[in-house]
Amino acid sequence: MQEQPEPPFAAGLTARVELTVTDADTAQAVGSGDVPVLGTPRVLALAEAATVAATAIRMPTGSTTVGVRVELEHRAATPIGRTVVAAARLAKVDGRRLLFEVTVTDGDEIVAEGRVERVLVERQRFVERASRVP
């Protein structure tokens, strides 16, 4: 009987990343609004960066993860100069599918929270498929 390899990821993995908001991170700069506060696309990118960081240490050689689904509630405005922290926790592993719970905070205030789903793929094969001309 052949032994199954141990899965590279297990629920409970965590990571945190932070960002000090600059002019380049505002809704005005990223085209998601006309106010000088942290734009939702940057909040999402930060949340995704935390999920990537959570898997980085255990990532199998030649593999990567790609985002496939996001649910994010952006609750509070963050002005330029403030530092926000995105925390990701791997809540569930279903084969190659990884479901993360994410929270973005500014001090004690929750700026955003939600879920990010990623799928484990072979990097080279994924890039080759994406590069094909239809």
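An account of the accompanying structure is given in this report. Since we're looking at a predicted model, the values are computed, not measured. (Residues numbered from 1 in each chain as written. Predicted model: local features only at pLDDT ≥ 70, side-chain atom pairs only at ≥ 80, totals over all residues. Heavy atoms only, no water.)

Let us look at the overall build of the protein chain. Counting secondary structure elements, the protein chain contains three helices and five strands. Counting only residues that meet the buried cut, the protein chain has 31% of its 134 residues in that class. Long-range pairs, those at least 24 residues apart, make up 64% of the contacts in the protein chain with a sequence separation of at least 6. With an accessible surface of roughly 8,500 Å², the protein chain has 49% of that area assigned to carbon and sulfur atoms. (Helix = DSSP H or I, 4+ residues; strand = E, 2+ residues; numbered from the N terminus. Buried < 20%, exposed > 50% of the residue type's maximum accessible area, 1.4 Å probe, protein only. Contact = heavy atoms within 4.5 Å. Areas by Shrake-Rupley, 256 points an atom, 1.4 Å probe, with all protein chains shown as cover.)

What follows covers the side chain of Thr78. Within the secondary structure, Thr78 sits in the loop between strand S2 (63–74) and strand S3 (83–94). Among all residues touching Thr78, those that are not within four sequence positions of it are Val21, Val37, Leu38, Val84, Asp106 and Val111.

Overall, the coordinates contain eight salt bridges when judged by the stated rule. The closest approach of N and O atoms between Glu48 and Arg118, which form a salt bridge, is 3.3 Å. Pair noted here: Glu48 is in helix H2 (residues 40–56) and Arg118 is in strand S5 (residues 109–122), with a separation of 70 residues, a long-range link. A network of salt bridges, in which partner residues are shared, links Glu73, Arg75 and Glu113. (Salt bridge = Lys/Arg side-chain N within 4 Å of Asp/Glu carboxyl O.)

What follows is about the sheet that holds strand S4 (residues 97–106). As summarised here, the arrangement of the five strands in space is S1-S3-S4-S5-S2, forming an open sheet in which the pairing is antiparallel. One side of each edge strand has no neighbouring strand; the edge strands of this open sheet are strand S1 (14–20) and S2. In this sheet, adjacent strand axes meet at a mean angle of 25° when their direction is disregarded. Across seven bridges, S1 lies against S3 in antiparallel orientation. Bridging from a neighbouring strand, Val17 pairs with Ala86 of S3. Contacts from helix H3 (residues 123–131) reach S2 and S5, with the element oriented near 90° to S5. (Pairing = 2+ DSSP bridges. Axes fitted to C-alpha atoms, helices over the stretch in contact; angles between N-to-C directions.)

For Glu117, the position within the fold is in strand S5. Non-local contacts of Glu117, meaning those with residues more than four positions away in its chain, are made with Val66, Gly67, Val68, Arg69, Arg97, Leu98 and Leu99.

Relative to the elements of secondary structure, Gly62 occurs in the loop between H2 and S2. Using a relative accessible area of 47% as the deciding quantity, one classes Gly62 as partly exposed. Apart from residues no more than four positions distant in its own chain, Gly62 is found in contact with Val121, Glu122 and Arg123.

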